[in-house]
Each structure stands twice: as C-alpha cells, then as structure tokens.
Amino acid sequence: EAGVAQSPRYKIIEKRQSVAFWCNPISGHATLYWYQQILGQGPKLLIQFQNNGVVDDSQLPKDRFSAERLKGVDSTLKIQPAKLEDSAVYLCASSRMWGATNEKLFFGSGTQLSVL
Amino acid sequence: SQQGEEDPQALSIQEGENATMNCSYKTSINNLQWYRQNSGRGLVHLILIRSNEREKHSGRLRVTLDTSKKSSSLLITASRAADTASYFCATRGSQGNLIFGKGTKLSVKP
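Residues numbered from 1 in each chain as written. Chains lettered and ligands numbered in written order. Predicted model: local features only at pLDDT ≥ 70, side-chain atom pairs only at ≥ 80, totals over all residues. Heavy atoms only, no water.

Chemist: Help me understand the overall build of chain B in this model?
Modeler: For chain B, the helix and strand inventory stands at zero helices and eleven strands. The linear arrangement of helices and strands in chain B, starting from the amino end, is β-β-β-β-β-β-β-β-β-β-β. Taken along its principal axes, the extent of the C-alpha atoms in chain B is 40 × 30 × 20 Å. Counting the 110 residues in chain B, one finds 46% classified as buried. At a minimum sequence separation of 6, the contacts of chain B that also span at least 24 residues come to 52%. When the accessible surface of chain B is summed, it comes to about 5,300 Å², and 44% of that surface belongs to carbon and sulfur atoms. Computed over 15 positive and 9 negative side-chain charges, the inter-centroid distance for chain B is 5 Å. (Helix = DSSP H or I, 4+ residues; strand = E, 2+ residues; numbered from the N terminus. Buried < 20%, exposed > 50% of the residue type's maximum accessible area, 1.4 Å probe, protein only. Contact = heavy atoms within 4.5 Å. Areas by Shrake-Rupley, 256 points an atom, 1.4 Å probe, with all protein chains shown as cover. Lys, Arg positive; Asp, Glu negative; His and termini not counted. Charge placed at Lys NZ, Arg CZ, Asp CG, Glu CD.)

Chemist: Sorry if this is basic, but what is going on with the pattern of salt bridges here?
Modeler: Once the charged atoms of two side chains with opposite charge are near each other, the side chains can pair. Using the criterion set out here, one finds five salt bridges over all chains in the structure. With its nearest N and O atoms 2.5 Å apart, the salt bridge here joins A:Arg64 to A:Asp86. Within this pair, whereas A:Arg64 is found in the loop between β6 (53–56) and β7 (65–68), its partner A:Asp86 is found in the loop between β8 (75–79) and β9 (88–95), the two being separated by 22 residues in sequence. A:Asp86 shares its class with A:Arg64; the two are buried. B:Asp83 serves as the salt-bridge partner of B:Arg60, at 2.9 Å between the closest nitrogen and oxygen. In this pair, B:Arg60 is assigned in the loop between β6 (55–58) and β7 (61–66) and B:Asp83 in the loop between β8 (71–76) and β9 (85–92), connecting sequence segments 23 residues apart. Looking at B:Arg60, the relative accessible area reads 24%, which means it is partly exposed. Taking relative accessible area as the criterion, B:Asp83 reaches 10% and is therefore assigned buried. (Salt bridge = Lys/Arg side-chain N within 4 Å of Asp/Glu carboxyl O.)

Chemist: Would you mind going over the sheet that holds strand β3 (residues 19–25) of chain B with me for this structure?
Modeler: All names here are of chain B. On the basis of which strands lie adjacent, the open sheet formed by five strands has the order β1-β3-β8-β7-β6 and antiparallel pairing. Among the strands making up the open sheet, the edge pair consists of β1 (4–7) and β6. Recorded for the sheet is a direction-independent mean angle of 20° between the axes of neighbouring strands. Note that β6 and β7 share four bridges and pair antiparallel. The residue of β7 that forms the bridge with His 57 is Arg 62. (Pairing = 2+ DSSP bridges. Axes fitted to C-alpha atoms, helices over the stretch in contact; angles between N-to-C directions.)

Chemist: Honestly, the packing of aromatic side chains in this entry has me stumped. Any pointers?
Modeler: Describing an aromatic ring pair means giving the distance of the ring centres and the angle of the ring planes. All names here are of chain A. In this structure the tally under the stated criterion is eight aromatic pairs over all chains. On the basis of an interplanar angle of 40° and a centroid distance of 6.4 Å, the ring pair of Phe 65 and Tyr 90 is categorised as tilted. Placement of Phe 65 in strand β7 and of Tyr 90 in strand β9 is noted, with a sequence separation of 25 residues between them. An identical accessibility class is assigned to Phe 65 and Tyr 90; each is buried. (Phe/Tyr/Trp six-rings, centres within 6.5 Å; stacked < 30°, edge-to-face > 60°.)

Chemist: I'm lost on the interface of chain A and chain B in this one. Help?
Modeler: Accessible area lost when the parts come together is the quantity often used to give the size of an interface. Contacts between the two partners involve 24 residues from chain A and, on the opposite side, 22 residues from chain B. When chain A packs against chain B, close to 1,700 Å² is buried across both sides, 45% of that on carbon and sulfur atoms. Summed over the shared surface of chain A and chain B, the result is zero salt bridges. When residues of the side of chain A that touches chain B are traced back to their parent elements, those giving at least two are β4 (31–37), β5 (44–50) and β6 of chain A. Of the residues forming the side of chain A that touches chain B, the biggest block, three residues, is contributed by β4(A). Partitioning the side of chain A that touches chain B into residue classes produces ten nonpolar, ten polar and four charged. (Buried area = accessible area lost by both parts, 1.4 Å probe. Nonpolar A, V, L, I, M, F, W, Y, C, P; charged D, E, K, R; others polar.)

Chemist: Is there a simple way to think about the side chain of A:His29 in this case?
Modeler: Residues and elements named next belong to chain A. The residue His 29 is located in the loop between β3 (19–24) and β4 in this model. Here His 29 falls in the buried class, since its relative accessible area comes to 8%. Within the structure, His 29 has its side chain in polar contact with the side chain of Ser 94 (distance 2.8 Å). In this structure, His 29 is in contact with Arg 69, Ser 94, Ser 95, Arg 96 and Phe 106, ignoring residues within four places of it in sequence. (Polar contact = N/O pair within 3.5 Å; in protein donor to acceptor, adjacent residues only side chain to side chain.)

Given below as structure tokens:
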C-alpha cells in the first residue's frame, strides 16, 4: 500500500512570502491531519479533516494559515504571509476513520520549511 | 497543550544494551500509543496499549501502562544502531485528536 505523499520536501522562503504544501493521504483514509513540528518538539495538530469537512482547527492560526481538502482526498496547507516562527516541519498524516479511539496515524515524510 | 511528557529527553547507549523511556500524561485515557521518528522522516506507529492492559510486547518492544500513576514506559531490548530515533508517546485529546509529547531522542552507538 502506498504511503502518505507530501511535497515539496524542502522549502526556503523569506518572511512575508506565501507558501503552500500538498498532501495525498493513503487511499481510502477518511481522516487527514496537518501537524506542525518545531525543532526539538513533538508534532502539534494544526487541523483535522473528516472527508472534506473540518473536525478541529482550534490551533490553526487562521489569520495566516489556511487549509482545504477538496473532494475529501488531497489537501493543501497554505501560509500567507509567513513569519520567522513558522520555520518547522509540516507533517501530513491520515487514518482510516475519525472517532475510533484505537486508530493509528500514518505519516508522510513532511515538508521542512525555513523562513528567512 | 501537550498531554504526554517523555523522560528522559535524550538517551545514549551502546548497541546491545536495553533502552527505557517513560511517558507521563495528565488525564484519563482509553489507550496510549508510541511512535518512532527517524531523522528527517515522518512518525511511524510502533504499538498501542489499551487502558485495561498492563503490558504489551511487539518483537523487541515492551510497553507497560500504569493508569494509577498515569504513566507508560517503552523498553527496547538488545538495541541496534538502527533504533537511533526519537520516540513519542501520544494520547487522545478531548476532540479525539492525537496529542504528542516532546519525545525522547535515543542514540545507539555501534
């Protein structure tokens, strides 16, 4: 089974520029997550989709971050404008369903963002 | 906010030794999961232990759970250089999402 695909692998931008990340989850997985992982810390959830609807975006900085999951498959995460503190790895994950407490997550390799 | 906290933050051992890392959490749980992250990669699920289980094994991994102390431990026996990675515990938040700790960085020297 193909894993979670993410692109690009690396991105370097200057502050105030915009950037977009793409994620293709495992086929058939209903739930998709975007996590932000700052160096030396654990992943922090930004947004969670169930099919194409948002389940939880309470920690998404909505003044600059946006995400969508069209047709309940692929997803894009956008930052506009970027700040220095947005430098992090952005991880996409998927799981078969939402709400099952024993669901495990499958992660992509992430996009490493550097904001200069 | 982070639910789980791993201890120690970093651990360095020789190949063949056992590695033990601990996780403490704050609220009641249905289960607890452990993940591994190799440098520059995404997280990989290792094992899930339910709240009614006290111990679980998977290959060289042994996980224990003490719900009275709100803590879990992950033991890797006969460690190998390939076990070098960061290890995270994760529990469910109130919204059903997985919340990760800061992780333990394990270095296994050949």
